[in-house]
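Spelled out from the first residue to the last, the chains are:
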Amino acid sequence: MITIYHNPRCGKSRECLAFIENSKQEFEIVKYLENPLSFEELEVVIKKLNVKPIELIRTKESIWIENFKWKTLSDKEIIQSMVDFPILMERPIVVNGNKAVIARPFEKVKEII
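Described in the following lines is the structure provided in the data block.

The rules behind each value
Along each chain, residue indices are assigned from 1 in the same order as the chain's sequence is written. A pLDDT threshold of at least 70 governs which residues receive local features in this predicted model, and a stricter bar of 80 or more applies before side-chain atom pairs are shown or counted, although totals over entire chains, interfaces and linings include all residues. Water and hydrogen atoms play no part in the side-chain values, which are based on all heavy atoms of the structure. Accessible area is worked out with a 1.4 Å probe on protein chains only. A residue is then buried under 20% of its type maximum, exposed over 50%, and partly exposed in between. Strands are runs of DSSP state E lasting at least two residues, helices are runs of H or I lasting at least four, and both sets are numbered from the N terminus onward. For two strands to be treated as a pair, DSSP must find no fewer than two bridges joining them. To obtain an axis, a line is fitted to C-alpha atoms, over the contacting stretch when the element is a helix, and the angle between two such axes runs from 0 to 180 degrees between their N-to-C directions. Contacts were defined at the residue level, with two residues in contact if any of their heavy atoms lie within 4.5 Å. Pairing of aromatic rings covers Phe, Tyr and Trp, the last through its six-membered ring, and needs centres within 6.5 Å; plane angles under 30 degrees mean stacked, over 60 mean edge-to-face, and all others mean tilted. Throughout this description, the term salt bridge denotes a Lys or Arg side-chain nitrogen within 4 Å of a carboxyl oxygen of Asp or Glu.

It is worth spelling out the pairing of strand S3 (residues 93–96) at this point. Because side chains alternate across S3, one face comprises the buried residues Ile93 and Val95, and the other comprises Val94 and Asn96, equally buried. As judged from the 4 bridges shared by strand S1 (residues 2–6) and S3, these two strands associate in the antiparallel manner. Across the sheet, the residue bridging to Thr3 is Val95, located in S3. Bridge count between S3 and strand S4 (residues 99–102): 4 bridges; the pairing is antiparallel. For Val95, the partnering residue across the bridge sits in S4 and is Ala100.

See below:
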């Protein structure tokens, strides 16, 4: 089953969702701003993405700039910042089994479906 971590206000996320809908594969939508991921769920997604937690951060978000930019944070602290402020999480993220991509551009989804 494909899962898309989706922000409906994001144009890139909407493009990715449309692409997945057109693929005719089963999928579920997680609106992560309404239903934030737990620390453990984020750890699993990061492992599937095969990235460092900082690579999942939207570093241009004002919350990041105002609260975290000048700090040296551990991976766990970075993950916790996304739990506390889900808007910091890059989007969209698409997971299919043990594989995942940050779908920017949305065509990256082709790598896992």
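Let us look at the sheet that holds S1. If you walk across this open sheet you meet the 4 strands as S2-S1-S3-S4, and the pairing is mixed. Among the strands making up the open sheet, the edge pair consists of strand S2 (27–31) and S4. Across this sheet, the average inter-strand angle for adjacent strands is 15°, counted without regard to direction. Across the sheet, helix H1 (residues 11–22) is in contact with S1, S2 and S3; its angle to S1 comes to roughly 160°. Helix H2 (residues 39–49) contacts S1, S3 and S4 of the sheet and is inclined by roughly 90° relative to S4.

Here a ring pair, both rings aromatic, is described through the centre-centre distance and the interplanar angle of the planes. One pass over the full model with this rule turns up 3 aromatic pairs. Relative to Phe85, the ring of Phe68 has its centre 6.0 Å away and its plane inclined at 70°; by these criteria the two rings are edge-to-face. A residue pair is termed long-range when its members are at least 10 positions apart, and Phe68 in the loop between helix H3 (62–67) and helix H4 (75–84) and Phe85 in the loop between H4 and S3 qualify at 17 residues. Accessibility expressed as a relative area gives 13% for Phe68, which makes it buried.

Applying the stated criterion to the full structure yields 4 salt bridges. Here Glu43 and Lys76 are joined by a salt bridge, their closest N and O atoms 4.0 Å apart. A residue pair is termed long-range when its members are at least 10 positions apart, and Glu43 in helix H2 and Lys76 in helix H4 qualify at 33 residues. Accessibility expressed as a relative area gives 54% for Lys76, which makes it exposed. What emerges from the salt-bridge pattern is a single network uniting Arg58, Glu61, Glu90 and Arg104.

All we've got here are geometric facts, nothing functional implied.
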